[in-house]
Amino acid sequence: MKRIKFILPLIAGFMLFSCSDYLDVNQSPNDPTSASVTPNLSLAAAQSDSYRNLTRRMNEYGNVFMNNWGANVNSFTGGYAEEFGITLSNNFYDDIWDGVYRSTGTFTKIINHPASGYDNHKAIAKICKTFYFQYLVDLYGDIPYSEAHQGVNIVTPKYDDDKAIYRDLVVQLESAIDMIDNAPAGTNVVGAEDVILGGDMMAWKKFANTLKLRILLRQSELTDAETTTYLAGEFAELASASFVDQDVTINPGYSSGSDTRQNPWMNLMVELAKDANGNFVERNTFRFRRASAYIAGQLNSTSDPRRSKIFKPVSGADITGVIQGDQSALNGGGTAPAAISSLGPGLVKDNAQDGYMMLAAESFLLQAEAVHKGYLTGNAQALFDQAIAASMAMFEIGATPTVDYIANINGIVGKGYGAVGATPAQQLEAIFYQKSIALNGINGAEIFIEYTRARKNGNPLIDENIPMPLNSVTPTGNKPRRLMYPISEYASNSANVPVQTIQDAYNTAPFWFE
């Protein structure tokens, strides 16, 4: 990744928290107290704490930038000012960096734990850590990796090259699969402490294979000889692999017992106690988020049955959205409709609802892309249709509307893989489109990163240009390609953090974009 000068005012005495706070959980891994916390005792907490970042701030960031969410301008003023103005800074969504680094430190402790007999626990930790570190690379580029999570032993970790990290993430996944396949006799069985897959190690191998597939596809547009040779070898290793075929969920026992025990997404959206009629009491975070006019148009125009699950219709079956950056027509001089669709019952269901690490729909679409590009054998059309069916099932939509939608959408160029006359590029666009709908409101970070990949310079993978918010101004006229390093890094790791300007967030990107 390119290094470009960053100018930051010096703030004497400024420190949000020490580097060791987010590069370690609390104590040195060599400390006897730390060593006594065996992997089975810390796995559930590591999985749950990390997921909180994915479903809240990462989800919000991606859904706003994908133009899925607008603002309830009829009841609130001033919200999403930075997002709609696209005024990036080192404070913009800085809690993604800080939260992911802090929460994933426990995975490193599990991997490095001195106790024997925990090969399966350590393999799970490798897979989970890879899952989140891919996102850090995708959102920032170069990051601390090889020296991360060392606590007081290395308080200012060096930054590693993003491409080198990506290569090592694949190594870690392969290592995890090998550990599962060759776990010594007497290895501790993983049980309920695994709050994602319940100790199903075959399912963990599928998850690892699918993560590897996602990592490889993210860089599959690179054309240099070294990369194409590397990808060919790695894809060949996946030729007979099994991939995720059911939604990968997380649930450590979410309940209505207390605020902290709610699903963290639900905790953000609704009060713990329901009203006298048994209805949710909405928090302002729920009341503020509304469907955008852009996504409403996309879903309504195809009569997508998921639209009433992702958003709540104002009347009838169609949803009503607001243009990002618009104002209320009642008192703000804007054109926003008087009633705007809120988040729907497919996203806000119950205090105890499962969280989602990866949907089966995403897995099928990844496989469809790999087949489409010739990396894997199979039937891309069948995988595409299977992905839609899996998405519909996740949203609890019946068989008849599912079949009808699949038949209808496959007649629309850019949205259906089987559309008559669709070019290979338009078929790929359909895969991207369906992923953006399947993950809408569930994993916003993933679909915005994929959209970024689809805007690759000189060779855009899709023609769809998601609208910019009203009155937004950026250096390139487009949305940023990555986030900026946070203030916490310049305060605590200034010797190593890459220099950076605001323009770099628009003009530079992780290596797979170049």
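Rules and cut-offs
- Residues numbered from 1 in each chain as written.
- Predicted model: local features only at pLDDT ≥ 70, side-chain atom pairs only at ≥ 80, totals over all residues.
- Heavy atoms only, no water.
- Helix = DSSP H or I, 4+ residues; strand = E, 2+ residues; numbered from the N terminus.
- Rg over C-alpha atoms; globule rule 2.2 N^0.38 Å.
- Buried < 20%, exposed > 50% of the residue type's maximum accessible area, 1.4 Å probe, protein only.
- Contact = heavy atoms within 4.5 Å.
- Areas by Shrake-Rupley, 256 points an atom, 1.4 Å probe, with all protein chains shown as cover.
- Lys, Arg positive; Asp, Glu negative; His and termini not counted.
- Charge placed at Lys NZ, Arg CZ, Asp CG, Glu CD.
- 1 Å grid on protein atoms, 1.4 Å probe; cavity = no way out; pocket = protein on both sides within 12 Å on 5 of 7 lines; lining within 4 Å.
- Points joined across faces, edges and corners; volume = space filled by probe spheres on them.
- Nonpolar A, V, L, I, M, F, W, Y, C, P; charged D, E, K, R; others polar.
- Core = buried A, V, L, I, M, F, W, Y, C linked by side-chain atoms within 4.5 Å.
- Salt bridge = Lys/Arg side-chain N within 4 Å of Asp/Glu carboxyl O.
- pLDDT = per-residue confidence, 0-100.
- Polar contact = N/O pair within 3.5 Å; in protein donor to acceptor, adjacent residues only side chain to side chain.

## Points about the overall build of the protein chain
Consideration 1: On a plain count of helices and strands, the protein chain comes out with 20 helices and 6 strands.
Consideration 2: Taking 24 Å as the expected radius of gyration for a compact globule of 514 residues, we find that the protein chain reaches 23 Å, a close match to that expectation.
Consideration 3: Based on the C-alpha atoms only, the size of the protein chain along its principal axes is roughly 60 × 60 × 55 Å.
Consideration 4: When the 514 residues of the protein chain are sorted by exposure, 59% land in the buried category.
Consideration 5: Across the protein chain, contacts joining residues at least 24 apart in sequence account for 74% of those joining residues at least 6 apart.
Consideration 6: With an accessible surface of roughly 19,400 Å², the protein chain has 51% of that area assigned to carbon and sulfur atoms.
Consideration 7: Counting 39 positive and 53 negative side-chain charges, the protein chain places the centres of these two groups 3 Å from one another.

## A look at the layout of surface pockets
Consideration 1: Taken as a whole, the largest pocket encloses approximately 360 Å³ of empty space.
Consideration 2: Lining the largest pocket are 18 residues, with Glu282, Phe286, Lys312, Ser342 and Leu343 positioned closest to its centre.
Consideration 3: Here the residues of the lining of the largest pocket sort into 9 nonpolar, 5 polar and 4 charged.

## Details of the nonpolar core
Consideration 1: Residues Trp204 and Phe207 are the most contacted members of the largest nonpolar core, which totals 153 residues.
Consideration 2: Counting residues per element, this core draws most heavily on helix 6 (residues 119-140), at 13 residues.
Consideration 3: Setting aside its immediate chain neighbours within four residues, Trp204 contacts Gln47, Ile124, Ile127, Cys128, Ile180, Asp194, Ile196 and Leu197.

## A closer look at the pattern of salt bridges
Consideration 1: This model, assessed by the stated rule, comprises 24 salt bridges.
Consideration 2: Note that Asp259 and Arg283 form a salt bridge whose closest N and O atoms lie 3.2 Å from each other. Taken together, the residues span a long stretch of sequence, with Asp259 in the loop between strand 4 (248-250) and helix 10 (264-269) and Arg283 in the loop between helix 10 and helix 11 (284-288) at a distance of 24 residues.
Consideration 3: Among the salt bridges present, the one from Glu450 reaches Arg453, with a minimum N-O distance of 2.9 Å. Placement of both Glu450 and Arg453 in helix 18 (residues 444-454) is noted, with a separation of 3 residues, approximately one turn of the helix.

## Comments concerning empty space enclosed by the protein
Consideration 1: What the rule picks out here adds up to 5 cavities of 30 Å³ or more.
Consideration 2: In this structure, the largest cavity encloses a volume near 220 Å³.
Consideration 3: Surrounding the largest cavity, 19 residues form its lining, Met66, Phe432, Tyr433, Ser436 and Ile462 being those nearest its centre.
Consideration 4: Among the secondary structure elements, those contributing two or more residues to the lining of the largest cavity are helix 12 (293-301), helix 17 (424-438) and helix 18.
Consideration 5: Element by element, the count of residues in the lining of the largest cavity is highest for helix 17, at 6 residues.
Consideration 6: Tallied by class, residues from the lining of the largest cavity come to 10 nonpolar, 4 polar and 5 charged.
Consideration 7: The calculated volume of the second largest cavity comes to roughly 130 Å³.

## As for helix 12
Consideration 1: Looking only at helix 12, the buried set comprises Tyr294, Ile295, Ala296, Gln298, Leu299 and Asn300.
Consideration 2: The secondary structure elements touched by the buried residues of helix 12 are helix 13 (307-310) and helix 17.
Consideration 3: Positive backbone phi, approximately 50°, marks Ser303, located one or two places after helix 12.

## Looking at the confidence of the model for the protein chain
Consideration 1: In this model, the protein chain carries an average pLDDT of 92, and 92% of its residues clear a pLDDT of 70 or more.
Consideration 2: Here residues 1-32 is a poorly scored stretch, pLDDT under 50, and it has 76 contacts once near neighbours within four places are set aside; other chains count.

## Overview of the side chain of Asp304
Consideration 1: Note on placement: Asp304 falls in the loop between helix 12 and helix 13.
Consideration 2: Residues contacting Asp304, with those up to four places away along its chain left out, are Leu299, Met392, Tyr405 and Ile437.

## Points about the side chain of Thr38
Consideration 1: Inspection of the secondary structure assignment puts Thr38 in the loop between helix 2 (32-35) and helix 3 (39-65).
Consideration 2: Judged by relative accessible area, Thr38 falls into the buried class, the value being 16%.
Consideration 3: Thr38 has contacts with His113 and Tyr118, leaving out every residue within four places of it along the chain.

## Side note on the environment of Lys163
Consideration 1: Examined against the element boundaries, Lys163 turns out to sit in helix 7 (residues 162-181).
Consideration 2: In this structure, the C-alpha to C-alpha distance between Lys163 and Ala370, residues 207 residues apart in sequence, is 20 Å.
Consideration 3: Engagement of the side chain of Lys163 in a polar contact is seen with the side chain of Thr227, the distance being 3.4 Å.

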